[in-house]
Structure formats: structure tokens, C-alpha cells
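# Chain and residue survey
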Amino acid sequence: MMTNPIVKRYQDNPILTKKDIPYPVHTVHNAGVAKHNGKYYMLFRSHLDTGRSIIGLAESDDGYKFKAHDKPFLIPAKDGFFKEYEAHGVEDPRIACIEGEYYITYSAYSKHGVRIGLAKTNDFKSIEKISLITEADYRNTVLFPKKINGRYVRLDRPHSEISPWSIWISYSKDLIYWGESELIMKPEPYHWDEMKIGPGATPIETDKGWLSIYHGVFPTMAGSVYRLGVALHDLENPARILGVSDSWILQPEDPWEVTGYVNNVVFTCGAVPENDGTVKIYWGGADSVMCVGTAKIDDLINCCLNNARPPIPV
């Protein structure tokens, strides 16, 4: 088996599977993770036997050994405005702590397509749905964990048949109404992420810039392969990308990443920076289980600056 020099896999992966959930689910994957009052909170996606998804909650003292709560944390609305647009499931949460509130972006599926929902919590005990912040068809929306020049900032990936799936940036004064959208990063033809890319974990603030872990997809005769890459954004103008690593940082290798509900997938929605200069990266393996690994933040930054390619191919 290959050993990735950048991301070190946890020796006891996978860290959460369907067997660990105290209610019936068929998968555990694509989880957002945040650290609150010394504990790690994981919001994970699970398929039900209908094929539709809900979001559960697990917590940990060390970021490795998680225990799931007895009930789901976020499910499709049964009434009100959200009901129509969440009818086919809620998926792929990301968590950003902004001014003491934990904001959760998630994909809301319905017969109208997929929109991005916004919710918040301050204790991971209760949750308040705020708004649907996009039209269809959007996925992979992540918020920067602080205001930049007085505004909230997000990355997302609108679906387009005309232009390949690419990463866009948008701004808001109130988290509800968004604008000044701009395309900032596109897939690289004949490359490991040539089919599509999308934001992954919540960006991490460093002294060199905002570090963003994203996913890239490569088509093969046997199906698509999902890998992880990194990009570095300017601190004051995050629409300006300082560098995109030419190589991936993680690819499917372990058996539970190669074979599962969807084969050959590592997909991140969460990463937690630590005080020692490392980051815990969490990823779903083959859309079936949750895994974790660690990397040095400086190593990831160096990938962006010393092994870089343009964010938009020439």
C-alpha cells in the first residue's frame, strides 16, 4: 500500500461506521467537524433505507474515538418553508464558527434540485434553521470562519453543463443575501481533478493565507475517483488564490475507501486545526465510513506555494 507523505492516516480507521449508530442507517460519511469547549463534534451524513439522507451527531474527547448520539441531529423539515425543499434529504454538512456561533451549511434535496440550507447552533444540543441561501443547483458550500473586510464569505460549487464544475466565491452582509459572485478556480484538463472540483472543509486561517482543502474528481473506465487537494487564498482578498497544489494530498487506498457505497472516494467536509501546527482532516471513505488523518499545516501550505499551478488553467 502507498504511504502518503503529506497526510498520515489514523491507524484505527475507520473511526465511525453504521454499526456505531444506535438507530438504523446504511452509511456514515461526509461529516463536518468542529471543536467546541475542548470536545470534537461530528455532524455526519447517513443514508436511510429509502436511499435518502439525514444528518447525525457524534462527539469525542480526542478527535479519534467518537460516540454517536441516540437520535439524528438534522432531518428534513416536516412543515413550513423548508419542507418542500428538503423533501428528498439533507446532506454533507460543513461547520464554521463565526463570532461564537456554529453555522452549518448543508445540501437540501427535493424534486426542484439541490439548494444550500443554513442553520446554526451554539451548543450542539439544539439547532435553528435560518434560511435557504442558494437557488438550485448548488453543492459544497463552505463559510470562511470569520468576516473579511466586514462581510461574510463563502465558497461553493454551482452545477453547470456549459462550464466544468468549478469553485466560486460570494459575499454577504447578513448571511442571507449573497452577491458579487466570482469564479476563482477551475479543474485542470488532463489532470487528477479534471472532471470537477468542489470546496471541502472550512478554510483554515494561517499567517500565509487561507488554507482550503478541496475535492477533485477524475473519470476512469471503471468510474470516477475522488481525491483531496489544497489551495491557498489571500487573507484580505480570498478571491485571489496564491497557489493550488499540482498534486493531490490524499487518494483512495485503504479497502474501505476503495470499495463501498460509492467506490474510490475520499471526500472531506471537515478539518480541525490544532495548536501544535497540525490539522486533523476528516473524510468519508467510499461514501460508507468516516476516517481521519493528520497533516502539518506548513506542509500543506508548501504544497500550494512550491508545487503550484494556476487556479484557472490558461
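For the structure, see preceding data.
Bear in mind the structure is a predicted one, so any value in this text is a computation, not a measurement. (Residues numbered from 1 in each chain as written. Predicted model: local features only at pLDDT ≥ 70, side-chain atom pairs only at ≥ 80, totals over all residues. Heavy atoms only, no water.)

## So, the pattern of salt bridges
- The tally for this structure, following the rule as stated, stands at 17 salt bridges.
- Residue Lys39 pairs with Asp61 through a salt bridge whose shortest N-O separation is 2.6 Å. In this pair, Lys39 is assigned in strand β3 (residues 39-47) and Asp61 in the loop between β4 (53-60) and β5 (67-68), connecting sequence segments 22 residues apart.
- Under the relative-accessibility criterion, Lys39 is labelled partly exposed at 27%.
- For Asp61, a relative accessible area of 57% translates into the label exposed.
- Arg309 serves as the salt-bridge partner of Asp193, at 2.5 Å between the closest nitrogen and oxygen. Placement of the pair is Asp193 in the loop between β13 (178-185) and β14 (196-199) and Arg309 in strand β22 (residues 308-309), with a sequence separation of 116 residues. Across the pair, Arg309 and Asp193 agree in class, each one buried.
- Counted as one network, the salt bridges with shared partners bring together Arg9, Glu253, Asp254 and Glu257. (Salt bridge = Lys/Arg side-chain N within 4 Å of Asp/Glu carboxyl O. Helix = DSSP H or I, 4+ residues; strand = E, 2+ residues; numbered from the N terminus. Buried < 20%, exposed > 50% of the residue type's maximum accessible area, 1.4 Å probe, protein only.)

## As for unusual backbone geometry
- Cis rather than trans, the peptide bond between Asn13 and Pro14 has omega equal to -5°.
- Looking at the secondary structure, you find Pro14 in the loop between β1 (8-9) and β2 (29-36).
- Here Ala136 and Asp137 are connected by a cis peptide whose omega angle stands at 10°.
- You can see Asp137 is positioned in the loop between β9 (128-132) and β10 (138-143).
- The residue Asp92 is not glycine, and still its phi comes out positive at about 50°.
- Even without being a glycine, Leu175 presents a positive backbone phi close to 75°.
- Along the polypeptide, Leu175 turns up in the loop between β12 (167-172) and β13.

## Brief notes about the pairing of β14
- Side chains Lys196 and Gly198 of β14 all project onto a buried face; the interleaved residues Ile197 and Pro199 project onto the opposite face, where all are buried too.
- Alignment of β14 against strand β16 (residues 209-220), held across 4 bridges, turns out to be antiparallel. Looking at β16, one finds that Ile197 is bridged to Gly216. (Pairing = 2+ DSSP bridges.)

## Some words on the side chain of Asp92
- Inspection of the secondary structure puts Asp92 in strand β6 (residues 89-98).
- In this structure Asp92 comes out as buried when scored by relative accessible area, which is 10%.
- Within the structure, the side chain of Asp92 is placed 3.1 Å from the side chain of Asn30, a separation counted as a polar contact.
- In this view, Asp92 contacts Asn30, Arg45, Thr105, Tyr106, Phe267 and Cys269; residues no more than four positions away in its chain are not counted. (Polar contact = N/O pair within 3.5 Å; in protein donor to acceptor, adjacent residues only side chain to side chain. Contact = heavy atoms within 4.5 Å.)

## Brief notes about the sheet that holds strand β20 (residues 278-285)
- If you trace the 4 strands from one edge of the open sheet to the other, you get β1-β21-β20-β19, paired in antiparallel fashion. Of all the strands in the sheet, just β1 and β19 (266-273) have a single pairing partner and so form its edges.
- Pairing of β20 with strand β21 (residues 289-296), which is carried by 8 bridges, proceeds in the antiparallel orientation. Counterpart to Val279 in the pairing with β21 is Ala295.
- Sheet strands touched by helix α3 (residues 297-306): β19, β20 and β21. Its angle to β21, the strand with the most contacts, is close to 80°. (Axes fitted to C-alpha atoms, helices over the stretch in contact; angles between N-to-C directions.)

## Looking at the environment of His36
- One can find His36 in strand β2.
- Sequence separation of His36 and His88 is 52 residues, and the distance between their C-alpha atoms is 30 Å.
- Of note is the side chain of His36, whose polar atom sits 3.1 Å from the side chain of Tyr102.

## Considerations on the packing of aromatic side chains
- A complete count under the given rule lists 10 aromatic pairs for this structure.
- Judged by centre distance (4.5 Å) and plane angle (5°), the ring pair of Tyr41 and Phe124 falls under stacked. Linking Tyr41 in strand β3 with Phe124 in the loop between β8 (113-121) and β9, this pair joins segments that are 83 residues apart in sequence.
- Overall, the relative accessible area of 9% leaves Tyr41 in the buried class.
- Three or more aromatic residues joined by ring pairs form one cluster here, namely Tyr41, Tyr102 and Phe124. (Phe/Tyr/Trp six-rings, centres within 6.5 Å; stacked < 30°, edge-to-face > 60°.)

## Brief notes about the nonpolar core
- Residues Leu211, Val230, Ile249, Val279, Ile281 and Leu300 are the most contacted members of the largest nonpolar core, which totals 23 residues.
- Listing elements by their share of this core, those giving two or more residues are β16, β17 (223-233), β19, β20, β21 and α3.
- Of the residues forming this core, the biggest block, 5 residues, is contributed by α3.
- Those residues in contact with Ile281, other than ones at most four positions away along the chain, are Val7, Ile213, Leu228, Ile249, Thr268, Gly270, Ala271, Cys291, Val292, Gly293, Ala295 and Leu300. (Core = buried A, V, L, I, M, F, W, Y, C linked by side-chain atoms within 4.5 Å.)

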